Structure formats: C-alpha cells, structure tokens
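What follows is each chain in one-letter form.
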Amino acid sequence: MLEKLKITGGKQLFGEIAVCGAKNAAVAIIPAALLVNGVCRIENIPDIKDVRLIIDMLVRLGASVTYVDDTTIEVNSSKLKTHIAPMELASRMRASYYLLGALLGRMNRAEVSLPGGCNFGTRPIDLHEKGFRAMGATVEIKDGIVYTEAQQLTGTTIYLDTVSVGATINIMLAAVLAKGRTVIENAAKEPHIVDVANFLNAMGANVRGAGTDVIRINGVPEMKGGTYSIIPDQIEAGTFMLLAAAAGGEVLVRNIIPTHMNCLTSKLEEMGVNVTEYDDSIRIESDGNLKGTSVRTMPYPGFPTDLQPQMVALLSTVGGKSTVDENVWDNRFQYISELLNMGADITINGRRANISGTTLHGAEVTATDLRAGAALIIAGAAAEGVTEIASPHYIDRGYSDIERRLRSIGVKIERIFEAD
Ligand code: EPZ
C-alpha cells in the first residue's frame, strides 16, 4: 500500500496546538542514559519514529527501558551487555552517532555503523573523531563501521573548527565520566545542547557553560540517575507558527519557550504577522496580507536550518520577493522542485533561493526528508485545491500524530492508503 497525506488547502486555521518534547534533544538524552549506572526517568519524550528506534537500540545494548506512560520512560543501564550497536538500526538514523560518545564514555569502547538520516549534502563526523582522539581514544572507520576505544579517556581542550551540534554533544557525552576537565571551545549553543547538559547534571555530571561558546566538563567517577523532563521542540513550534502564518487565521501554539523562537518571531513580525508572546505560548494572527523578507540560516541563536524549508514554503505564498540563504548544509534545497510543482516561483543560485510570492495550487508531491515534508504540509495548507504528499514516513520521524493534531486547528488533512 502507498501511504500519502492528503490536504485540502485554502482554509484559515483557528484554535490551540501543543508542542511535544524536542526530537533532537530526545535522540541525544536517551543514548546519554547509557552513561548512568542507575535508573533515569525521562519525561516529555515525543512519540516519534526516531525515538522508538533509539530506544530499540538501547534495549539491544542491554539497557532495560520501561514506558511509564506515553511520554515518560525509565532507562536502567546498570547491566549493559555489549559495546556494539545493532548495525541495521544504527545505519537508519543520524543520531545513532551519540552511541559512540555514550558507549566510549561508559564502556571505553564502541562500534557503531556510520549514521544515516536525512540527506542534504556531505555530513562528515570528523569533528566527533577529533574530539575522541584528543581525549586519548583511537578511532578507525572500516567498511562503514566506526570503531573507537580508549584505555582511559582524559579531559583536554578541544576547539571545534565548525560549530557542530552533534560534535558538541558527543564530546560532552564522552567527557562526563572521563578523567579531569574537558573544555569544548566554539561549541554549538542550540537549546538542545543546554537540555543535554541539564540532563547530564541532573544525573550527577558536572557540565558548565552549555548555551555559551565554551563548555567545561569536570569528569565524575559515576552518574547515579534521576528524573529529567525534555524541553519543548523549537523546530516543531516554529513549524506550527509558520503553518498558521501561511494559512491565516489565529492559532495559539502552546508549550513553547518563547525566547527559543526570537529569531523566527522577529522575521514573522517583519512580514506582517501579528505575534503575541505569553509565558509558555505564542499566538499567531495572520490576515494573509504578508510581505517577503530575507533569511539566512545560522547556528543558534541564528535562524535554524531546520526551519528553512518551512520558511521557504511560507515565503512562496506571500507578496513580493524574498531571499533565503542556507549557510549550514551544502544541499538543502532539493525539496524546492516539489514546491515548483505547486506553482511556486523560486530560482536557486548556489546556496541562495530567490523567491517571488504567488498563489500555490494543490499537486502530487513527495516528501524528500523530514523538514521538506513539513514544508509541503505548509504549502498544501496555503494552496488552493488538493495536495497529496507521498512518503509521509519522513514526516513521522519527527512529528508525532501529525494529522490528528493539525486537524484540531482546522487543517483538512487525512492519511490515505492506495494500492501500489
Ligand atoms: C543536527 O545535525 C540536527 N540533527 C539537524 O537536524 C540539524 O540540521 C543540524 O544539527 C544543524 O542544526 C540532530 O540533532 C539529530 P551539525 P548534526 O554537526 O549534528 C558540519 C532535523 O531536521 N560538520 O551541527 O549532524 C556539517 O557538515 C535534523 O531535525 C562537520 O564539518 O549537524 C554542517 O555543515 C536534520 N564535521 C555543520 O557542521 C563534523 O564532524 C553543522 O552540522 C560535523 C559537522
């Protein structure tokens, strides 16, 4: 059976929608539980495919994982049985690279296949390797498998040549049980970096400075466990804000940390969207009379690359011209061909997309990755007529129960199944 999401566009949206726990924090915090010699209770876990996959991998490594309720798990890693990650699972997702730092930190060795995940240009792991080596580990890549081992991980100063979310987190994971002090310079500052550091500290680690350019980790002999609640997903929140702006109407996005959204909020206001911030929610009001702008993706606190496709979808529907520069990934514009099928007027020049706003029409399109899929939902909701999005499994990797939640604010969306 072929699965698709079918959206009938052109309806304004009204009501409230709540944001789930952050995917990119969860896929780091769950492997981080491997470092803990005791029970970690992790709350506000999003119910998405990537999270289920990483939980399966922990279980195969010997951790016991119990669901307390839909969004809470307890992980007990006191009796790990192997340092070898299950290859067929690990190769399916990018975040499996966190098993390297976590297993190296806990068991002094790890074997994990090279990560898969969304494909938008080269996705090297050289900075992760540089960090592990600087701490005294050997790292070798053979036949698509990364082997790393250390007699004794020892803290040191590591400068990251490029700001990398993955390398910052992986080095933190390797460092929390290492001997002495590790300093990460030019560290990434995304909200989920701070969340992982807070989790590690709640379990007994000593991590300081997360959220700034310099993170200092003083190794501790053991982490004993505790309870932690994952932050709301900045990218899911942004996706809903952009959806409401594109479709028009009035939507309250709940369970949000408004400061994480500053960069998007100011862009939306510049375009003519009415944005009201409350303690933990943001109201979006849009009459559909918006104007174009320019956006440049940058590491946090800049505009997130993971909202770039959704922003391009919105900009394709508003008056005037816009430009979007992708500065994080080499090749994150593949999905634009799908927007062109819907009537968008976009030309690509290297890492810049030049957009002239127009009226989109429904079409048969394909999600090429997670955020590309989210962009097509936004385009479909703003377009005239019916849009069918093939390969919605990409969307399910990062957005939980998406059609039910979007229906609650008035999106006409359903999952359909067609014979092959
Ligand atoms: C994380 O990927 C996210 N994934 C991505 O989100 C996100 O796009 C990205 O950070 C940037 O914000 C997860 O958290 C699981 P990076 P990551 O290391 O860690 C270069 C989504 O849609 N680089 O910050 O893999 C790299 O080529 C996903 O949810 C090196 O050169 O990204 C890129 O240009 C997709 N060497 C830049 O750094 C390295 O060793 C940033 O990558 C590592 C990265």
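**A word on the packing of aromatic side chains**
Line of reasoning, step 1. If you walk through the whole model with that rule in mind, you get two aromatic pairs.
Line of reasoning, step 2. Considering the side-chain rings of Tyr97 and Tyr98, the 4.8 Å spacing of their centres and the 75° angle between planes classify their relative orientation as edge-to-face.
Line of reasoning, step 3. With 5.9 Å between their ring centres and 80° between their planes, Phe199 and Tyr228 make a pair best called edge-to-face. Pair noted here: Phe199 is in helix α7 (residues 191–202) and Tyr228 is in strand β13 (residues 225–229), with a separation of 29 residues, a long-range link. This pair shows no difference in class: Phe199 is buried, exactly as Tyr228 is.
Line of reasoning, step 4. The side chain of Lys142 reaches across the aromatic face of Tyr147, ending 5.9 Å from its centre.

**Quick word on the domain arrangement of the protein**
Line of reasoning, step 1. When the domains of the protein are assigned, the result is domain 1 (2–20 + 232–418) and domain 2 (23–229).
Line of reasoning, step 2. Distance between the C-alpha centres of domain 1 and domain 2: 30 Å.
Line of reasoning, step 3. Summing both sides of the interface, domain 1 and domain 2 together bury roughly 1900 Å²; the carbon and sulfur share of this comes to 55%.
Line of reasoning, step 4. On the domain 1 side of the contact with domain 2, Tyr300, Trp329 and Arg397 bury the most area, a combined 36% of that side's loss.

**Observations regarding helix α10 (residues 308–315)**
Note that an α-helix has 3.6 residues per turn; residues three or four places apart therefore point the same way.
Line of reasoning, step 1. With eight of its eight residues buried, α10 lies for the most part within the structure.
Line of reasoning, step 2. Turning to α10, its buried residues number three or more, namely Gln308, Pro309, Gln310, Met311, Val312, Ala313, Leu314 and Leu315.

**What about the sheet that holds β13?**
Line of reasoning, step 1. Read from one edge of the open sheet, four strands run β4-β5-β3-β13, paired in mixed fashion. The open sheet has two edge strands, β4 (64–69) and β13, and neither has a second partner. Ignoring which end each strand starts from, the neighbouring axes of this sheet average 15° apart.
Line of reasoning, step 2. As judged from the five bridges shared by β4 and strand β5 (residues 72–76), these two strands associate in the antiparallel manner. Across the sheet, the residue bridging to Thr66 is Glu74, located in β5.
Line of reasoning, step 3. In the packing of helix α2 (residues 49–61) onto the sheet, contacts are made with β4 and β5, and the angle to β4 comes to roughly 140°.

The rules behind each value
Residues numbered from 1 in each chain as written. Predicted model: local features only at pLDDT ≥ 70, side-chain atom pairs only at ≥ 80, totals over all residues. Heavy atoms only, no water. Phe/Tyr/Trp six-rings, centres within 6.5 Å; stacked < 30°, edge-to-face > 60°. Helix = DSSP H or I, 4+ residues; strand = E, 2+ residues; numbered from the N terminus. Buried < 20%, exposed > 50% of the residue type's maximum accessible area, 1.4 Å probe, protein only. Lys NZ or Arg CZ within 6 Å of the ring centre and 35° of its normal. Domains from an automatic or database assignment. Buried area = accessible area lost by both parts, 1.4 Å probe. Pairing = 2+ DSSP bridges. Axes fitted to C-alpha atoms, helices over the stretch in contact; angles between N-to-C directions. Contact = heavy atoms within 4.5 Å.

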